[in-house]
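For reference, the chains in residue letters:
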Amino acid sequence: ILTSFLKNRRTGEYIVKQDGTLFTLENDELLVTVARRGAELTRIYDKKADREVLWCAEPSVWNRHAPVLFPFVGKCYEGAYVHDGKEYGMTPHGFARDMDFEPLLCDMDECWFRLKDTPETYEKYPFHFEVEIGHRLEGRTIEVMWKVANRDSGEMLFMMGGHPAFQVPEGKNIYDFTFEFNRRGCREGQFTDCLHYLAPNANGYEKEELQGNLKLSEGRVPLTKGFFDTALTYMFDEAQVSSVSLMVDGSPYVTLECSDFPYLGIWTMEATHPFVCLEPWYGICASDGYKGELKDRRGIISLPGWENWQKSYQIRVE
């Protein structure tokens, strides 16, 4: 059994956290767990309401909870991308979600994990990097924090995204959800009548002909049957959305704060309807037919040599 010793950042003492594969954050409101595998948020239990908020990762439906997407968001066209004239293979959403991160610091309200490049990652992603993923619990809010460091003198190209899946409350289904969007730059109480979205085709590539406008009423739109027939995934671009809430019976259930994120994805498996994903992204899937250089791909981040990049988003259980 793997045992992990972590340093409590308040007391300076070293502590043992379970078997080294799953770490717990807890206060009077919530119990949260984070896995070493993929530095993935794996549980949000609402003590006050006595219910699970995060999807349980049932293998027969979808075996993930809230994977971290790095170094790509979505698919590369035909599973490959080109960098400096050379083609590399890449799985959807990159490889970080399937790798073990190194535990760093952890206590009852915050934990951090780190992933470094390896010879194996370098073969498919030719950059030297360090990625740190943190989770901080405060009241009824979980802050998810990302730090990316370029460990070489050349430019580093990457994307990064979140993919949390929120479980439908007991006795409900996804058609009991209503989305409420707050738009960037709008004051409280102001609403827009529509949001522009991009959408992927059945193969998972962004297709220009599928983009459109989602009509809202006072910032809201119900999740009705056939909602995802219009777009398999709604990908709101141009940093339009600063936050989005899932509403149940007219009240917020959970809210995702993603101010300044260039993209927000919304997805579910409508045939089984057990959860809805609210996905803050720095990056987006490849356009259908795109075989150009990685540096020219929509949504790519360019990080200069030896520089650092960091962002965060928040999940608030209402």
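All of these numbers come straight from a predicted model, not from anything done at the bench. (Residues numbered from 1 in each chain as written. Predicted model: local features only at pLDDT ≥ 70, side-chain atom pairs only at ≥ 80, totals over all residues. Heavy atoms only, no water.)

Draft legend 1. Spotlight on the pattern of salt bridges. A full pass over the atoms with the stated rule returns 19 salt bridges. Across the pair glutamate 29 and arginine 140 runs a salt bridge, and its minimum N-O distance is 2.8 Å. With glutamate 29 in the loop between β3 (22-26) and β4 (30-35) and arginine 140 in the loop between β11 (129-138) and β12 (141-150), this pair connects stretches of sequence that are 111 residues apart. Between arginine 316 and glutamate 257 there is a salt bridge, with its nearest N and O atoms 2.9 Å apart. With arginine 316 in strand β26 (residues 308-317) and glutamate 257 in strand β22 (residues 251-257), this pair connects stretches of sequence that are 59 residues apart. (Salt bridge = Lys/Arg side-chain N within 4 Å of Asp/Glu carboxyl O. Helix = DSSP H or I, 4+ residues; strand = E, 2+ residues; numbered from the N terminus.)

Draft legend 2. Structural context of the nonpolar core. Ranked by size, the top nonpolar core spans 89 residues in total, and within it Phe70, Tyr125, Phe158, Met160, Phe179, Phe181 and Phe236 carry the most contacts. Discounting chain neighbours no more than four positions away, the residues touching phenylalanine 181 are Leu195, Leu214, Leu216, Gly219, Val221, Phe236, Val241, Ser243, Val244, Leu264 and Ile266. Ranked by size, the runner-up nonpolar core spans 6 residues in total, among them Trp62, Ala165, Phe275 and Cys277. (Core = buried A, V, L, I, M, F, W, Y, C linked by side-chain atoms within 4.5 Å. Buried < 20%, exposed > 50% of the residue type's maximum accessible area, 1.4 Å probe, protein only. Contact = heavy atoms within 4.5 Å.)

Draft legend 3. How the structure looks around the confidence of the model for the chain. Per-residue pLDDT for the chain averages 92, and the proportion of residues at 70 or more is 91%. Mean pLDDT per element in the chain: strand β2 (residues 14-16) is the minimum at 41, and strand β13 (residues 156-158) is the maximum at 99. Confidence drops under a pLDDT of 50 for residues 1-18, and excluding neighbours within four residues, the segment shows 43 contacts in the predicted structure. (pLDDT = per-residue confidence, 0-100.)

Draft legend 4. Structural view of the packing of aromatic side chains. Counted under the stated rule, the structure contains 31 aromatic pairs. Taken together, the ring pairs in this structure connect Phe70, Phe95, Tyr125, Phe127, Phe129, Trp146, Phe158, Phe261, Tyr282, Trp309 and Tyr313 into an aromatic cluster. When the ring centre of tryptophan 112 is taken as origin, the NZ or CZ atom of lysine 147, which lies over that ring, is 4.6 Å away. (Phe/Tyr/Trp six-rings, centres within 6.5 Å; stacked < 30°, edge-to-face > 60°. Lys NZ or Arg CZ within 6 Å of the ring centre and 35° of its normal.)

Draft legend 5. Local environment of the layout of surface pockets. Volume-wise, the largest pocket comes out at about 450 Å³. Taken together, 20 residues line the largest pocket, and the ones lying closest to its centre are Gly74, His93, Gly204, Thr233 and Trp267. Looking at the lining of the largest pocket residue by residue, the class counts come to 10 nonpolar, 7 polar and 3 charged. (1 Å grid on protein atoms, 1.4 Å probe; cavity = no way out; pocket = protein on both sides within 12 Å on 5 of 7 lines; lining within 4 Å. Points joined across faces, edges and corners; volume = space filled by probe spheres on them. Nonpolar A, V, L, I, M, F, W, Y, C, P; charged D, E, K, R; others polar.)

Draft legend 6. Fine view of the sheet that holds strand β5 (residues 41-46). Reading across from one edge, β3-β4-β5-β6 is the order of the 4 strands in this open sheet, with antiparallel pairing throughout. The sheet is open, and its two borders are formed by β3 and β6 (51-52), each paired with just one other strand. In the sheet, β5 pairs with β6 via 2 bridges, with the strands oriented antiparallel. If you follow aspartate 46 over to β6, its bridge partner there is arginine 51. (Pairing = 2+ DSSP bridges.)

Draft legend 7. Just empty space enclosed by the protein, in detail. Inspection of every chain in the model, using the stated rule, returns 1 cavity of 30 Å³ or more. Put simply, the largest cavity is a space of about 60 Å³. What lines the largest cavity is Ala39, Leu41, Ala66, Pro67, Val68, Ile133, His135, Val144, Trp146, Gly162 and Tyr313. Elements that contribute at least two residues to the lining of the largest cavity include exactly β11 and β12. Split into classes, the residues belonging to the lining of the largest cavity amount to 9 nonpolar, 2 polar and no charged.

Draft legend 8. Representation of the pairing of β5. Of all 6 residues that make up β5, 5 are buried, and the element is covered over most of its length. Pairing analysis gives 5 bridges linking β4 to β5, with the strands arranged antiparallel. Following the sheet pairing, valine 32 is matched in β5 by isoleucine 44. Where β4 folds back on β5, the antiparallel hairpin that results is connected by 5 residues, among which glycine 38 adopts a positive phi of roughly 75 degrees. Counting the residues that bridge the hairpin from β5 to β6 gives 4 residues, and of these aspartate 50 lies at a positive phi of roughly 55 degrees.

Draft legend 9. The arrangement of the environment of leucine 115 in detail. Relative to the elements of secondary structure, leucine 115 occurs in strand β10 (residues 110-116). As for leucine 115 and proline 200, which are separated by 85 residues in sequence, their C-alpha atoms are 30 Å apart. Setting aside its immediate chain neighbours within four residues, leucine 115 contacts Ala96, Met99, Asp100, Phe101, Phe129, Glu130 and Val131.

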